Amino acid sequence: MREQFPFAVARVTRRWRKMLDERLKDLGVTQARWSTMVYLQQGGEGLTQRELASLMAIENPTLVRLLDSLEQQGLIERRPCPNDRRARRLHLTDAGRSFMDDLSERAARLREEMLDGVSDEDIEVSLRVFHKIMENAEKQRS
């Protein structure tokens, strides 16, 4: 069972992401773009690029390309940081907020479908296991 566990988690993650991608295809954004939007919304608007890159665990140059495309689509805007002239703060535009409302609605529908028949208790246990695995992974980084 322990040998199968990481593969099962990876399979579920890939499948869930693929299904969500299919449901978001008509919005014209890739998984990398919509996940950036999700992190920005969850991290709180007004994050700097550096803070968002850290939150997403990606390199700053990778994030810059994603932000450029999201800005071109009119979903985010970069505003000057009052305390640091070199930094830019990231904010969702009205179109970006509307996009996130739509994304959240579609993601919630998929979540309900995917978790159909799974009890809250089972989800709670799963989350505890995932948190413990992440805790162990953080210990390995030290």
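For clarity, every value in this text was computed on a predicted model and none was experimentally measured.

A. Seen up close, the side chain of Ser69. Counting through the fold element by element, Ser69 comes out in helix H4 (residues 60-72). On the basis of relative accessible area, Ser69 is assigned to the buried category, the value being 11%. A polar side-chain atom of Ser69 sits 2.8 Å from the main-chain carbonyl oxygen of Leu66.

B. Here's a closer look at H4. In this model, H4 (13 residues) spans 18 Å end to end at C-alpha, consistent with the 18 Å of a helix rising 1.5 Å per residue. Next to the buried residues of H4 lie helix H2 (31-43), helix H3 (49-56), strand E2 (76-80) and strand E3 (88-92). In the stretch just after H4, Gly74 is the one whose phi turns positive, near 80°.

C. The arrangement of the UniProt feature "domain: HTH marR-type" (unreviewed entry) in the protein chain in detail. Mapped onto this numbering, the UniProt entry gives "domain: HTH marR-type" (unreviewed entry) at residues 2-135. In the segment residues 2-135, helix accounts for 68% and strand for 9%; the C-alpha atoms at its two ends are 17 Å apart.

D. Structural detail: the packing of helix H1 (residues 5-24) against helix H5 (residues 94-114). At their nearest, the axes of H1 and H5 sit 10 Å apart, and the two run at 140° to each other. In terms of orientation, H1 lies oblique with respect to H5. Handedness of the crossing formed by H1 with H5: right-handed. Contact residues: H1 offers Trp16, Met19, Leu20, Arg23 and Leu24, while H5 offers Leu103, Arg106, Ala107, Arg109, Leu110, Arg111, Glu113 and Met114. When its residues are assigned to classes, the contact of H1 with H5 shows eight nonpolar, no polar and five charged.

Calculation rules
Residues numbered from 1 in each chain as written. Predicted model: local features only at pLDDT ≥ 70, side-chain atom pairs only at ≥ 80, totals over all residues. Heavy atoms only, no water. Helix = DSSP H or I, 4+ residues; strand = E, 2+ residues; numbered from the N terminus. Buried < 20%, exposed > 50% of the residue type's maximum accessible area, 1.4 Å probe, protein only. Polar contact = N/O pair within 3.5 Å; in protein donor to acceptor, adjacent residues only side chain to side chain. Expected span 1.5 Å × (residues − 1). Contact = heavy atoms within 4.5 Å. UniProt positions renumbered as here; feature names shortened; annotations may be inferred. Axes fitted to C-alpha atoms, helices over the stretch in contact; angles between N-to-C directions. Parallel < 35°, antiparallel > 145°, perpendicular 65-115°, else oblique. Left-handed = near helix turned anticlockwise from the far one by under 90°. Nonpolar A, V, L, I, M, F, W, Y, C, P; charged D, E, K, R; others polar.

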